[in-house]
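Read off the chains here:
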Amino acid sequence: QVQLVESGGGLVQAGGSLRLSCAASGSIFSINAMGWYRQAPGKQRELVAVITSGNNTNYADSVKGRFTISRDNAKNTVYLQMNSLTPEDTAVYYCNADLYEYGLGYLKDFWGQGTQVTVSS
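Quick summary incoming for the structure in this document. (Residues numbered from 1 in each chain as written. Predicted model: local features only at pLDDT ≥ 70, side-chain atom pairs only at ≥ 80, totals over all residues. Heavy atoms only, no water.)

1. Let's talk about the sheet that holds strand β3 (residues 18–25)
Alright, step 1. In spatial order, the strands read β1-β3-β8-β7; together these 4 strands make up an open sheet with antiparallel pairing. The open sheet is flanked by β1 (3–7) and β7 (67–72), the only strands paired with a single partner. Direction aside, neighbouring strands of the sheet carry axes that sit 15° apart on average.
Alright, step 2. Across 6 bridges, the pairing between β3 and strand β8 (residues 77–82) is antiparallel. Residue pairing for β8: Ser21 is matched across the bridge by Tyr79. (Pairing = 2+ DSSP bridges. Helix = DSSP H or I, 4+ residues; strand = E, 2+ residues; numbered from the N terminus. Axes fitted to C-alpha atoms, helices over the stretch in contact; angles between N-to-C directions.)

Take a look at the structure:
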């Protein structure tokens, strides 16, 4: 069983910072892309940032210059450093990983349970 466990969410004032972490554990052979998505009330889930196994990154336009995604392959962990937060960043943030499990020859997609980020004005 593969699990993704997020941490680091919370309540912060506008202009503040938070750092999210997501650790993948279980029968993992290798991890390809890891990413962060978010879903605000009444809205669809959207991509925030993604990082490949080669450390190539891609960001949503709304977070470019404010958020930074990184990963520690030795720990199977992805991070999201969020700076200059605004109330529009309020959402549940979900971690995602595309990975190979031991004994399986195809990529599988896994999601974390989500962590709430609330930015007050």
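2. Describing the packing of aromatic side chains
Alright, step 1. Taken as a whole and judged by the stated rule, the model has 2 aromatic pairs.
Alright, step 2. Here the guanidinium or amino end of Arg19 rests over the ring plane of Tyr79, the centre of that ring lying 4.1 Å away. (Phe/Tyr/Trp six-rings, centres within 6.5 Å; stacked < 30°, edge-to-face > 60°. Lys NZ or Arg CZ within 6 Å of the ring centre and 35° of its normal.)

3. Examining the environment of Gln116
Alright, step 1. Within the fold, Gln116 resides in strand β11 (residues 115–120).
Alright, step 2. Along the backbone, Gln116 and Trp36 are 80 residues apart, and their C-alpha atoms lie at a distance of 13 Å.
Alright, step 3. In this view, Gln116 contacts Gly9, Gly10, Thr90, Ala91 and Val92; residues no more than four positions away in its chain are not counted.
Alright, step 4. A polar contact is formed between the side chain of Gln116 and the side chain of Thr118, at a distance of 3.3 Å. (Contact = heavy atoms within 4.5 Å. Polar contact = N/O pair within 3.5 Å; in protein donor to acceptor, adjacent residues only side chain to side chain.)

4. Some words on the pattern of salt bridges
Alright, step 1. This model, assessed by the stated rule, comprises 5 salt bridges.
Alright, step 2. Measuring nitrogen to oxygen at the nearest pair gives 2.7 Å for the salt bridge that ties Glu46 to Arg38.
Alright, step 3. You can call Arg38 buried: its relative accessible area is 7%.
Alright, step 4. The partner of Asp89 in a salt bridge is Arg38, with the nearest N and O atoms 3.0 Å apart. In this pair, Asp89 is assigned in the loop between β8 and β9 (91–101) and Arg38 in strand β4 (residues 28–39), connecting sequence segments 51 residues apart.
Alright, step 5. Judged by its relative accessible area of 1%, Asp89 falls in the buried class.
Alright, step 6. Salt bridges sharing common partners tie together Arg38, Glu46, Arg66 and Asp89. (Salt bridge = Lys/Arg side-chain N within 4 Å of Asp/Glu carboxyl O. Buried < 20%, exposed > 50% of the residue type's maximum accessible area, 1.4 Å probe, protein only.)

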